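What the coordinates show
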Amino acid sequence: MLIHSSGLSKVKDSVKQKIFFGHEPSAELIAILTVYFVQGILGLARLAVSFFLKDELLLSPTQVSALLGIVALPWIIKPVFGFISDGLPIFGYRRRPYLILSGILGTISWVSLATLVHTTWAATLAIALGSLSVAVSDVIVDSLVVERARAESQADAGSLQSICWGASAFGGLITAYFSGWLLEHFSTHTVFLITAVFPLLVSAVAWLIAESPVNKSAENSPQNNSVSIKHQLSQLRQAVTQKAIWLPTAFVFIWQATPTADSAFFFFTTNELHFAPEFLGRVRLVTNLASLVGIWIFQRFLKSLPFRVIFGWSTVLSAALGMTMLLLVTHTNRALGIDDHWFSLGDSLILTVMGQIAYMPVLVLAARLCPPGVEATLFALLMSVSNLAGMVSYEFGAIIMHWLGITETNFDSLWLLVMITNLSTLLPLPFLNWLPAAADQSQISTALQPASATQGEQFLPELITDVEATITRVN
């Protein structure tokens, strides 16, 4: 019995260290990871949405890119959701009810796409509703993530973010292949109905979040829960006026706001190369695996490197590797004896690993920039800036596609779009010194702590954005 107990204890310790990176797998942590897992598993409908917009609503690449920018709006105004959840408790609770509502909202959006949506505007509204659902759930769980992340040592920096992103990537991994396989056998509407089931998991795990009613919290800890919105805004204003915060934020915006060619590539791969949905599902499977590899590489080898080094080298390498897409666009790969399918798989694999490695420091940097007392609002604001940059990226891409005359059937200028989008990713390099220096980045949170900071209940925001859409060239 003792041997059995000892063996079980070793297994538990091994799971804790290798899977949870040393974090105790409490019920609340499992609930947090489930929310991120659901975000990943919602990728089951990503290809269905793309084909729905292209084949059923007959949208052009420019229109799709513009639409994707619009539906990102809920992610840009996430600080508003933080204020709402903080100032408007539901039945005395500030977290559980909002998680429950976000799950229900997500289900409604997918059911609507499956049954009611027949126009471009209706599709935009339904997809935006689903985006709102995920954004609201992020506001709640990210508050817990950042609270925990602040307690990490420099040696463990980024480990909690890695677990959360890993949960999302794992959810995407499970559904990646089936996102294409289902489209080979069922309609897009059936896929939407299947996807509608998963947001309800968010509603279910809401009960695992440790939370006391507001009135009891106020009685037991009045100082911690009496921070007014006015006071939070005052602290936020004090924080954002510091150069050590707004300069790194400006760098991240420039880094992510460069134009993207994702929408044009989807049309190119389906209309020109005639990739079937099942194969595109394989591509998604490869990119999700590559995402996990990128997380592992960052966690194992790169998490202690200076931000400037990681951003600098990953930007240069990604731009250089991205140029290999010229071989596919010009069909040079065929002259080299490389099949279109194999080329796309290999290229997506490499670019996703590089993109994931580059994005992990954004999460770590954002968490470390947040002074005590305003974590919820400031982290929400930082990541909303990142999401705004993503929207700008899609809109810039749409404008350039329109200028170049790229349509659902005309890809003559796609090679030029590839060059523009890849070369533009080098634009942030002159601003690398806006990031914290190596000697400063581990102490940045302490150094930025406002003198009047108080510990309030944290309602943090954005940890997961749709990175897959911006780091892969074929999706």
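Definitions and cut-offs
Residues numbered from 1 in each chain as written. Predicted model: local features only at pLDDT ≥ 70, side-chain atom pairs only at ≥ 80, totals over all residues. Heavy atoms only, no water. Helix = DSSP H or I, 4+ residues; strand = E, 2+ residues; numbered from the N terminus. Expected span 1.5 Å × (residues − 1). Buried < 20%, exposed > 50% of the residue type's maximum accessible area, 1.4 Å probe, protein only. Patch = residues over 30% accessible without salt bridge, like charges linked within 9 Å, V, L, I, M, F, W, Y side chains within 5 Å. Areas by Shrake-Rupley, 256 points an atom, 1.4 Å probe, with all protein chains shown as cover. Salt bridge = Lys/Arg side-chain N within 4 Å of Asp/Glu carboxyl O. Axes fitted to C-alpha atoms, helices over the stretch in contact; angles between N-to-C directions. Parallel < 35°, antiparallel > 145°, perpendicular 65-115°, else oblique. Contact = heavy atoms within 4.5 Å. Nonpolar A, V, L, I, M, F, W, Y, C, P; charged D, E, K, R; others polar. Left-handed = near helix turned anticlockwise from the far one by under 90°. Core = buried A, V, L, I, M, F, W, Y, C linked by side-chain atoms within 4.5 Å.

The terminal C-alpha atoms of helix 2 (residues 27–41) lie 20 Å apart, and with 15 residues this matches the ideal 21 Å at 1.5 Å per residue to within 8%. The element helix 2 is largely enclosed, with a buried count of 12 among its 15 residues. Of the positions making up helix 2, those classed as buried are Glu28, Leu29, Ala31, Ile32, Leu33, Thr34, Val35, Tyr36, Val38, Gln39, Gly40 and Ile41.

Taken together, the side chains of Leu73, Ile77, Val80, Ile84 and Leu88 make up a nonpolar region of the molecular surface, amounting to roughly 410 Å² of accessible area. For Leu88, the position within the fold is in the loop between helix 6 (78–87) and helix 7 (96–115). A residue is classified by how much of its surface remains accessible, and Leu88, at 53% relative accessible area, is exposed.

Throughout the structure, instances matching the rule amount to 3 salt bridges. A salt bridge links Asp55 to Lys54, with the nearest nitrogen and oxygen atoms 2.8 Å apart. Asp55 sits in the partly exposed class, given a relative accessible area of 42%.

It is at 12 Å that the axes of helix 3 (residues 46–56) and helix 16 (residues 262–272) come closest, and there the two elements cross at 75°. With respect to helix 16, the axis of helix 3 lies roughly perpendicular. Listed contacts from helix 16 to Leu47, Ser50, Phe51 and Lys54 of helix 3 are Phe266, Phe267, Thr270 and Asn271. Classifying every residue of the contact of helix 3 with helix 16 by side-chain character gives 4 nonpolar, 3 polar and 1 charged.

For the pair helix 7 and helix 10 (residues 188–195), the least separation of the axes is 8 Å and the interaxial angle reads 165°. The pairing of helix 7 with helix 10 is recorded here as roughly antiparallel in orientation. As for the relative orientation of helix 7 and helix 10, their crossing is left-handed in sense. The segment helix 7 lies against helix 10, with Trp110, Leu113 and Ala114 engaging His189, Phe192, Leu193 and Thr195. Taken together, the residues of the contact of helix 7 with helix 10 sort by class into 5 nonpolar, 2 polar and no charged.

So, on to helix 15 (residues 243–256). Taking 1.5 Å per residue as the helical rise, helix 15 with its 14 residues ought to reach 20 Å, and the 20 Å between its terminal C-alpha atoms agrees with that figure. If you check which residues of helix 15 are buried, you get Ile245, Leu247, Pro248, Thr249, Phe251, Val252, Trp255 and Gln256.

Right, let's get into the side chain of Thr107. Assignment of secondary structure puts Thr107 in helix 7. Setting aside chain neighbours within four positions, we find Thr107 in contact with Ala196, Pro199 and Leu200.

With that out of the way, let us pick up unusual backbone geometry. The phi torsion at His274 lies on the positive side, around 60°, for a residue other than glycine. Even without a glycine there, the phi angle at His331 is positive, about 65°.

Once that is clear, we can look at the nonpolar core. Counting 77 residues, the largest nonpolar core has Leu53 and Phe192 as the members making the most contacts within it. Of all the elements, helix 8 (residues 120–150) adds the most residues to this core, at 11 residues. Ignoring sequence-local partners within four residues, the contact set of Phe192 consists of Ala45, Ala48, Val49, Phe52, Trp110, Leu113 and Ala114. Counting residues in each nonpolar core, the second largest holds 28 residues, with Ile245, Phe307, Ile357 and Met360 among its members.

These figures come from the coordinates and say nothing about function on their own.
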